[in-house]
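# Architecture and fold: a report
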Amino acid sequence: MMPPAKPGPREFGEALRRAREEAGVSLESVAERTKISRRVLQAFETGAFEQLPSGAFPRLFLRQFVELLGLEPGPWTQAFEAARGVHEGERRPAEVIPVETVKRARMGPWLWGLVLVAGALVTVVLVERHQDARTAAAAATPVAILDVVAPTPAATATPTPAIEAGSNPNTLVIRAGQRSCWVQARVGDEAPASRLLAAGTRWEIPAGGREVNLTLGDGGSVELEYLGVRHTQPGRDGEVVHLRLTPTPPLAPES
């Protein structure tokens, strides 16, 4: 199923809900498997975009949503951006423009002064609102989302010996630090898998000693352990990092 060509928020949400129902997946199942809150999922399906988080998180959550339904994420994310633009346009306040009086010749000097003062006040209010909106948008923009932030190549991570004794070196272990981090991992020629790691959690991937390509949403909040080597903070805080972990020499396959 494809999204509508030029959707508003309500049309987009209705199309997303029908796609989920046609796939036979409940909203509770989506929330359980993606770890996205039910409130956010309902905001997508009802077109209540004002209830979605700011910045690029909605685009990431929507991608996980439609991939779970077996749909191509590209058309849906494009339709969502179009619908969000319509939503933001509907919420934008109308511009206030002072209107000159027709009876210009009969206005006294004091009335002209009042008109000029009122116009100056309106201009100041509009400028302050514009600056506040830009500041709020900048503060709410996430620092680690792959889809909208151009990734910056990270400096080579400095490996240190693994600490956990008895751990399987052929298993890739990814740990999130004090901040949540979005991670995408591709093992060998397999399809990539992605996950939003909550702060303090870990993701173990049975990579089998094969080459692994990683994309980390926040290089300063992640720690990796693979092939007997630990990589601590492979990037800077808030930096999107691409890493390739290659066995040198390759490890023997597990028996």
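Worth saying up front: this structure is predicted, and the values here are computed from it rather than measured. (Residues numbered from 1 in each chain as written. Predicted model: local features only at pLDDT ≥ 70, side-chain atom pairs only at ≥ 80, totals over all residues. Heavy atoms only, no water.)

## Things to note about the overall build of the protein
Scanning the protein from N- to C-terminus turns up 6 helices and 9 strands. Looking at the protein as a whole, 36% of its 255 residues are labelled buried. A separation of at least 24 residues holds for 64% of the contacts in the protein among residues at least 6 apart in sequence. (Helix = DSSP H or I, 4+ residues; strand = E, 2+ residues; numbered from the N terminus. Buried < 20%, exposed > 50% of the residue type's maximum accessible area, 1.4 Å probe, protein only. Contact = heavy atoms within 4.5 Å.)

## Considerations on the confidence of the model for the protein
Predicted confidence across the protein gives a mean pLDDT of 77, with 70% of residues reaching 70 or more. When the criterion is pLDDT under 50, residues 135-163 qualifies, and its contacts beyond four places in sequence or with other chains add up to 56 contacts. (pLDDT = per-residue confidence, 0-100.)

## Some remarks on the packing of helix α3 (residues 38-46) against helix α4 (residues 57-68)
Axis separation between α3 and α4 bottoms out at 11 Å; the angle between their running directions is 85 degrees. When the axis of α3 is compared with that of α4, the two are roughly perpendicular. Across from V40, L41, F44 and E45 in α3, the residues of α4 making contact are P58, F61, L62 and F65. (Axes fitted to C-alpha atoms, helices over the stretch in contact; angles between N-to-C directions. Parallel < 35°, antiparallel > 145°, perpendicular 65-115°, else oblique.)

## Considering the sheet that holds strand β9 (residues 241-245)
Strand order in the open sheet made by the 4 strands is β4-β3-β6-β9, with antiparallel pairing throughout. Taken across any chain shown, the strands that pair with only one partner, and hence form the sheet edges, are β4 (193-197) and β9. In this sheet, adjacent strand axes meet at a mean angle of 20 degrees when their direction is disregarded. (Pairing = 2+ DSSP bridges.)

## Examining helix α2 (residues 27-34)
Taken together, the buried positions of α2 are occupied by L27, V30, A31 and T34. In an axial view of α2, the angular spread of the buried residues amounts to 95 degrees, which keeps them on one side of the axis. For α2, exposure combined with an orientation more than 90 degrees from the buried face picks out E32 and R33. Packing partners of the buried residues in α2 comprise α1 (9-22), α3 and α4. Phi for K35, located one or two positions after α2, is positive at around 65 degrees. (Arc of directions from axis to C-beta.)

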